[in-house]
Amino acid sequence: MLDKAKQLWDLQKKARAIQKELKETEVEAKAAGGLVIVVFNGEQHIQEVTIDESMLSLEKKRELEKALQQAIAEAISRVQAIAAEKMKAIAGNLNIPGL
């Protein structure tokens with residue numbers, strides 16, 4: 001029983017370390033040829049948005065909206081992939097189906 005408790009404590013410690021690591025991880029995604037840039041941290045929080053001045057006209061409103069959607073979707077996808085990879089490292093020891 002104590003062995004299982006120690007394993008659980010070790011897993012919790014590893015999970016906290018991964019959370020901290022993800023918080024400090026930054027992922028940058030670009031769209032519209034680099035005119036729109038978003039930066040997310042590993043917790044999927046936006047850290048920065050950069051929009052080139054050439055995109056800030058009424059005529060480019062729809063293009064800007066699409067570029068923001070693309071950049072945000074790409075950044076979130078990449079962050080999720082990073083988090084999943086890091087969690088596999090500790091979840092692999094648990095023999096949980098699907099992980």
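### As for the nonpolar core
Judged by nonpolar contacts, Val27, Ala29, Ala31, Val36, Val38, Phe40, Met55, Leu64, Ala67, Ala71, Ala75 and Val79 together constitute the single largest core of 12 residues. At the level of elements, strand 1 (26–31), strand 2 (36–41) and helix 2 (61–91) are the ones that each hand at least two residues to this core. Considering each element in turn, this core owes the most residues, 5 residues, to helix 2. Excluding residues that lie within four positions of it along the chain, alanine 67 makes contacts with Ala31, Ala32, Val36 and Met55. One finds Leu11, Ile18, Leu22 and Ala83 within the second-largest nonpolar core, a separate group that totals 5 residues.

### So, the packing of helix 1 (residues 2–24) against helix 2
Contact geometry of helix 1 with helix 2 gives a least axis separation of 10 Å together with a crossing angle of 160 degrees. By the angle between their directions, the pair helix 1 and helix 2 is classed as roughly antiparallel. In this structure, the crossing between helix 1 and helix 2 has a hand that is right-handed. Contacts between helix 1 and helix 2 involve Leu11, Lys14, Ala15, Ile18, Glu21 and Leu22 from the former and Ile82, Ala83, Lys86, Met87 and Ile90 from the latter. When grouped by side-chain class, the residues that make up the contact of helix 1 with helix 2 number 8 nonpolar, no polar and 3 charged.

Conventions we followed
Residues numbered from 1 in each chain as written. Predicted model: local features only at pLDDT ≥ 70, side-chain atom pairs only at ≥ 80, totals over all residues. Heavy atoms only, no water. Core = buried A, V, L, I, M, F, W, Y, C linked by side-chain atoms within 4.5 Å. Buried < 20%, exposed > 50% of the residue type's maximum accessible area, 1.4 Å probe, protein only. Helix = DSSP H or I, 4+ residues; strand = E, 2+ residues; numbered from the N terminus. Contact = heavy atoms within 4.5 Å. Axes fitted to C-alpha atoms, helices over the stretch in contact; angles between N-to-C directions. Parallel < 35°, antiparallel > 145°, perpendicular 65-115°, else oblique. Left-handed = near helix turned anticlockwise from the far one by under 90°. Nonpolar A, V, L, I, M, F, W, Y, C, P; charged D, E, K, R; others polar.

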